[in-house]
Amino acid sequence: KAGVTQTPRYLIKTRGQQVTLSCSPISGHRSVSWYQQTPGQGLQFLFEYFSETQRNKGNFPGRFSGRQFSNSRSEMNVSTLELGDSALYLCASSPGPDRTSYGYTFGSGTRLTVV
Amino acid sequence: AQTVTQSQPEMSVQEAETVTLSCTYDTSESDYYLFWYKQPPSRQMILVIRQEAYKQQNATENRFSVNFQKAAKSFSLKISDSQLGDAAMYFCAYRSGRSGGSNYKLTFGKGTLLTVNP
């Protein structure tokens, strides 16, 4: 069974640009979550989608957005990039709301560097 | 809001010995889930072990076991017979058992960097 796939693995962008990151969950998983990981702030929750609906959003500015498609694949977008957006962005999938105890399966992340 | 605290930024252990990583959390809920994740240099977060709060019995997965003290809100991870491949950053995480938008997330501690010495 294929794991959670995140593309691209690495990305370098310039301040002011926008970026789109992609996440394909494990087949059959309908919930996708996104997390930002930085040395200073640690792991912070960005948003969670289930069946194309955003169910929860973390405390991030509106420049951070996301969506989920009918095949459960998810994208997140960051507009008007700032230096502070440099981070590892992790995607996690889970079967759905009734099987939380199984935990979340993470991808290897996208390392975004803003210069 | 729930918080998760890992008080040991770094730990080291000799190969084949046992090490315990600490985690405490703060919540007013009675239904929740706790997890330990491992993040090696490859960056991928790997689920090590999970615990459901309503279960009294401590979870065990091969060399990994937890000491879950619900009243004390403590959830420590014990690694027995440590191996070089255990070297990684370890994160403790909390997930509410409730339904509803704000509950659909993991709250992580800051992590403990484990070094295994040969």
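Tell me what's going on with the environment of Thr-110 of chain A, and back it up with residues and numbers.
Along the chain, Thr-110 of chain A turns up in strand S11 (residues 110-114). Placed 22 residues apart in sequence, Thr-110 of chain A and Leu-88 of chain A show a C-alpha to C-alpha distance of 5.6 Å.

Lay out the side chain of Thr-112 of chain B in plain terms, naming residues and giving numbers.
Residue and element names in this part refer to chain B. With respect to the helices, strands and loops of the structure, Thr-112 is situated in strand S12 (residues 112-117). Residue classification places Thr-112 among the buried positions, given a relative accessible area of 0%. Residue contacts for Thr-112: discarding those within four places in its chain leaves Gln-6, Gln-8, Pro-9, Glu-10, Met-11, Leu-21, Ala-88, Met-89 and Tyr-90.

Lay out the environment of Gly-103 of chain A in plain terms, naming residues and giving numbers.
In this fold, Gly-103 of chain A is placed in the loop between strand S9 (87-94) and strand S10 (105-106). Each C-alpha atom, one on Gly-103 of chain A and one on Lys-13 of chain A, is 32 Å from the other, the two residues being 90 residues apart in sequence. Filtering out sequence-adjacent residues up to four positions away, Gly-103 of chain A remains in contact with Ser-93, Ser-94 and Pro-95 of chain A together with Phe-35, Tyr-37, Leu-47 and Arg-50 of chain B.

Account for the interface of chain B and chain A, with residues named and values stated.
Taken residue by residue, the interface counts 21 residues in chain B and 26 residues in chain A. Contact between chain B and chain A buries roughly 2000 Å² in total, counting both sides, with carbon and sulfur atoms accounting for 52%. Here chain B and chain A share nine residue pairs in polar contact (both at pLDDT 80 or more) between them. Of all the secondary-structure elements, those providing two or more residues to the side of chain B that touches chain A are strand S5 (32-39), strand S6 (46-52) and strand S10 (88-96) of chain B. With four residues, the top contributor of residues to the side of chain B that touches chain A is S5 of chain B. Here the side of chain B that touches chain A is built from residues that sort into nine nonpolar, six polar and six charged.

Criteria and thresholds
Residues numbered from 1 in each chain as written. Chains lettered and ligands numbered in written order. Predicted model: local features only at pLDDT ≥ 70, side-chain atom pairs only at ≥ 80, totals over all residues. Heavy atoms only, no water. Helix = DSSP H or I, 4+ residues; strand = E, 2+ residues; numbered from the N terminus. Buried < 20%, exposed > 50% of the residue type's maximum accessible area, 1.4 Å probe, protein only. Contact = heavy atoms within 4.5 Å. Buried area = accessible area lost by both parts, 1.4 Å probe. Polar contact = N/O pair within 3.5 Å; in protein donor to acceptor, adjacent residues only side chain to side chain. Nonpolar A, V, L, I, M, F, W, Y, C, P; charged D, E, K, R; others polar.

Taken by themselves, the reported measurements are silent on function.
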